[in-house]
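Geometric and topological summary
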Amino acid sequence: MAFLIPSESGKYRLVQFVPAPPPLHVPFGPALALGCVLALFGIVMSWHVARPIRALKLSVERFGQGDLAQRSSIDRRDEIGDLSRTFNRMADQISGIVERERGLVRSVAHEVRGPLTRMKLLLERLRENRDTTGTLYRLDSEIAALGHIPDTLLNLARIETGNFESNPEKTDFALFLQDLLDRFDPVTAKLGIPIESRLEGIEDRQFRIDTAVLERAIENVIDNALRHSPPGTKVVLDAQIASGTIELTVRDFGPGVPDEDREAIFRPFFRSDRSRNRGTGGVGLGLAIAKASVIALGGTIDATNAVPGLCVTIRIPVNETTDE
């Protein structure tokens, strides 16, 4: 390449030849190494981003197909990790809602079975023309109790969400208990297991209490005692009132439960197979519903072995009222 450079006077000319630059040449080895590094970087980034997204997608699909126990195991401190934790929280909430709905359906089925059984026995009495007037009265009482079950269970379901509202009413407590015990007459007659009540000291005592909820608790405890009572024994109901607290104890003379199971028997669907076996026909909901009912009333419930048998104690704080 040549350049022509004139002098200031224009008399002379300078011709300068500049050699052309050599062609750019990159060695093959370093170029290949650079390409491999870039490719490897792309693969690593793809694995780092795409793999957890595919795993999260699989978890969402399985959860959507009904596997409510499915959760994402991704634990990262980036947006993908945040998305994984958000999915897990959503799955926990949905699983809880579904389980509560399932539990409510099971509870309804369990609660309806008792009144329907007693109604069936009362209808048998009517067919045999035995004590028609009294049987019709008790049949009407069972129908009324059956109608209260859905509202009561819905109220109990609201306990978990903190939306439960108690509806106390003035109640003659001794009459309330006696009426409740009378409903079990057809069952106790068929089983040959009487219920012995000790209600001394509570006659003509009136309290403001949500009888519908308390009824659920006592009925389930008595039903549990009857199912685990051997033929020829009895169930004892004792009621006492002291220091603004009603204390009810229901004792059977069955096998009792192991000491390590005395708290677990109040959990839904728990059955102590070593003592109170599956042959009794229970589904493990009665005492769980009883506990929820008692808690709704601000009370406590516990169980102790009576040797023989099991003794369940309910304590409910109450306010006594007068006829004024």
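Residues numbered from 1 in each chain as written. Predicted model: local features only at pLDDT ≥ 70, side-chain atom pairs only at ≥ 80, totals over all residues. Heavy atoms only, no water.

Attention shifts here to the pattern of salt bridges. Per the counting criterion, the structure on display carries 16 salt bridges. The shortest N-O distance in the salt bridge between Glu61 and Lys57 comes to 2.6 Å. With Glu61 and Lys57 both in helix H1 (residues 28–64), this residue pair falls 4 residues apart, about one helical turn. Of the residues examined, Glu61 reaches a relative accessible area of 35% and is grouped as partly exposed. With its nearest N and O atoms 3.5 Å apart, the salt bridge here joins Arg262 to Asp259. Given the relative accessible area of 53%, Asp259 is considered exposed. Each of the salt bridges in this network shares a partner with another, and the network as a whole consists of Arg118, Asp179, Arg183, Glu215, Arg216 and Glu219. (Salt bridge = Lys/Arg side-chain N within 4 Å of Asp/Glu carboxyl O. Helix = DSSP H or I, 4+ residues; strand = E, 2+ residues; numbered from the N terminus. Buried < 20%, exposed > 50% of the residue type's maximum accessible area, 1.4 Å probe, protein only.)

Turning our eyes to something else, we now look at the sheet that holds strand S10 (residues 319–321). Pairing is antiparallel in the open sheet, where 3 strands are placed in the order S3-S5-S10. The sheet is open, and its two borders are formed by strand S3 (169–172) and S10, each paired with just one other strand. Taken over all neighbouring pairs, the strand axes of this sheet differ in orientation by 45° on average, direction set aside. Taken strand by strand, helix H4 (residues 173–182) contacts S3 and strand S5 (206–209), and its axis lies near 75° from that of S3. (Pairing = 2+ DSSP bridges. Axes fitted to C-alpha atoms, helices over the stretch in contact; angles between N-to-C directions. Contact = heavy atoms within 4.5 Å.)

So, about the side chain of Asn88. With respect to the element layout, Asn88 can be found in helix H2 (residues 79–127). The exposure class assigned to Asn88 is buried, which follows from its relative accessible area of 16%. Other than its neighbours up to four places away in sequence, Asn88 contacts Arg71 and Ser72.

All right, on to the nonpolar core then. Core analysis: the largest hydrophobic core is formed by 45 residues, its most contacted members being Phe173, Leu177, Ile222 and Leu248. Elements with a contribution of two residues or more to this core: H4, S5, helix H6 (211–227), strand S6 (235–242), strand S7 (245–251), helix H7 (286–296), strand S8 (300–305) and strand S9 (310–317). In this structure Phe173 touches Ile202, Arg205, Phe207, Leu214, Ile246 and Leu248, once residues within four positions along its chain are discounted. Membership of the second largest hydrophobic core comes to 6 residues, among which are Leu56, Phe63, Ile80 and Phe87. (Core = buried A, V, L, I, M, F, W, Y, C linked by side-chain atoms within 4.5 Å.)

Before going further, it helps to spend a moment on the sheet that holds S9. Taken in spatial order, the 5 strands of this open sheet run S4-S6-S7-S9-S8, and their pairing is mixed. Sheet topology places strand S4 (195–198) and S8 at the edges, where each strand pairs with a single neighbour. Strand after strand, the sheet turns through a mean of 15° between neighbouring axes, direction not considered. Summarising the sheet, S6 and S7 pair through 7 bridges and their orientation is antiparallel. For Ile241, the partnering residue across the bridge sits in S7 and is Ile246. Contacts from H7 reach S8 and S9 within the one sheet, and its direction differs from that of S8 by about 135°.

Summarising burial for S9: 6 of the 8 residues are buried, a large majority. In the sheet, S7 pairs with S9 via 7 bridges, with the strands oriented antiparallel. Note that in S9 the partner of Ile246 across the bridge is Ile316. The pairing of S8 with S9 spans 6 bridges and is antiparallel. Each residue of the ladder has a partner; that of Thr304, found in S9, is Cys311.

Mean pLDDT over the protein chain stands at 78; residues scoring 70 or higher make up 73%. For residues 274–281, every residue scores under 50 in pLDDT, and the model assigns this stretch 20 contacts once sequence neighbours within four places are set aside. (pLDDT = per-residue confidence, 0-100.)

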